[in-house]
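Architecture at a glance
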Amino acid sequence: MANKVTPYKDSDLGKKEQVTQMFDKISGNYDGLNRVISFGIDITWRKRVVAILKKKQPKIILDIATGTGDLAINLVQTGAQKIIGLDLSPGMLEVGKKKVLDKELAQTIDMIEGDSENLPFENNTFDAVTVAFGVRNFETLEKGLAEIHRVLKPKGTFVVLETAVPSKTPFKQGYAFYTKYMLPRIGRLFSKDDSAYAYLSESASVFPHGQEFNNILRKIGFIDVMNKPQTFGVASIYIATK
């Protein structure tokens, strides 16, 4: 399971604290490095998440593991009146807050520090909740998903964008080579943290994806669960309803 994979093998800290420390360290390079690593395709994936939610016309959205706020900023296009971006990493949030101010979106988007497994919101608060490349960093996956279910309104929509592992040849072999050998090296060139992108690669490889993740969502209590593989299966968009 993903919660057994941590960024720093020799650290005595828990996964949550290690992940926070890691993202604080790489926050300044994160956006640019993501574009390089994904060849820019992550931009298209986020646009698809926005398109899904735009049809639902949510008034208030929670974006968990918002990082530097890319998805939260994109979600303005849904017409939502309020978007809250929540993240554990102060370093990532500082970058995100500057982007929000630069785009003059501070009236719509709030960026706050918080824990996905202990959300500071009342039950049935949000019309939609999103997580982009964040659920695999939860320390306790089912606890985090249960919290998301709790704060969603009945009939609210949960959308997850997360990495996956291709199952078909030759994409499976190409993905394995790229993530094991190339991704950590690219990360090392741009980042001060040698362990960060090795962790991101390893955590993606062991995270339950496809039907396995669908089944976990159903176990939590979500209904109408589906997943849409993206770009030969290297990522997936999961959609579920409370």
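Everything that follows concerns the structure shown earlier in this document.
Summary of the structure given here. (Residues numbered from 1 in each chain as written. Predicted model: local features only at pLDDT ≥ 70, side-chain atom pairs only at ≥ 80, totals over all residues. Heavy atoms only, no water.)

To continue, consider the nonpolar core. Within the largest apolar cluster, 28 residues are counted, with the highest numbers of intra-cluster contacts made by Leu62, Leu145 and Phe158. Of all the secondary-structure elements, those providing two or more residues to this core are β1 (60–64), β2 (82–87), β4 (126–132), α6 (141–151), β5 (152–163), α9 (211–220) and β7 (235–241). Among all residues touching Leu145, those that are not within four sequence positions of it are Val135, Phe138, Phe158, Phe213, Ile216, Leu217, Ile220 and Phe222. Counting residues in each nonpolar core, the second largest holds 25 residues, with Ile52, Leu93, Val100 and Leu105 among its members. (Core = buried A, V, L, I, M, F, W, Y, C linked by side-chain atoms within 4.5 Å. Buried < 20%, exposed > 50% of the residue type's maximum accessible area, 1.4 Å probe, protein only. Helix = DSSP H or I, 4+ residues; strand = E, 2+ residues; numbered from the N terminus. Contact = heavy atoms within 4.5 Å.)

With the exception of glycine, most residues fall at negative phi, and the peptide bonds are largely trans. Between Thr169 and Pro170 the backbone carries a cis peptide bond, its omega angle lying at 5°. The backbone of Asn124 sits at a positive phi, close to 55°, despite the residue not being glycine. The topology assignment puts Asn124 in the loop between β3 (109–113) and β4. We classify Asn124 as partly exposed; its relative accessible area is 38%. Positive phi values are uncommon outside glycine, yet Asp224 reaches one of about 50°. Along the chain, Asp224 turns up in strand β6 (residues 223–230). Using a relative accessible area of 54% as the deciding quantity, one classes Asp224 as exposed.

Let's shift gears to the pattern of salt bridges. Following the criterion strictly, the structure yields 15 salt bridges and no others. Between Asp70 and Arg35 there is a salt bridge, with its nearest N and O atoms 3.3 Å apart. Taken together, the residues span a long stretch of sequence, with Asp70 in helix α4 (residues 70–74) and Arg35 in helix α2 (residues 30–37) at a distance of 35 residues. What makes Asp70 buried here is its relative accessible area of 18%. (Salt bridge = Lys/Arg side-chain N within 4 Å of Asp/Glu carboxyl O.)

Turning to the sheet that holds β4, a few remarks are in order. Here seven strands make up an open sheet; going across it, the order is β3-β2-β1-β4-β5-β7-β6 and the pairing mixed. The open sheet has two edge strands with one neighbour each: β3 and β6. Here the strands of the sheet are splayed against their neighbours by 15° on average, with no regard to which way each runs. Pairing analysis gives five bridges linking β1 to β2, with the strands arranged parallel. By the bridge assignment for β2, Asp63 is matched with Gly85. (Pairing = 2+ DSSP bridges. Axes fitted to C-alpha atoms, helices over the stretch in contact; angles between N-to-C directions.)

Attention now goes to the side chain of Gln18. Within the secondary structure, Gln18 is located in helix α1 (residues 15–26). A polar contact of 2.8 Å, which involves the side chain of Gln18, links it to the backbone oxygen of Leu13. Contact partners of Gln18, with chain neighbours within four places excluded, come to Thr6, Pro7, Tyr8, Ser11 and Leu13. (Polar contact = N/O pair within 3.5 Å; in protein donor to acceptor, adjacent residues only side chain to side chain.)

With that settled, consider the environment of Gly210. Counting through the fold element by element, Gly210 comes out in the loop between α8 (196–206) and α9. Considered as a pair, Gly210 and Ile220 are 10 residues apart in the sequence and their alpha carbons are 16 Å apart. Those residues in contact with Gly210 that sit more than four places away from it in its chain are Asn227 and Tyr238.

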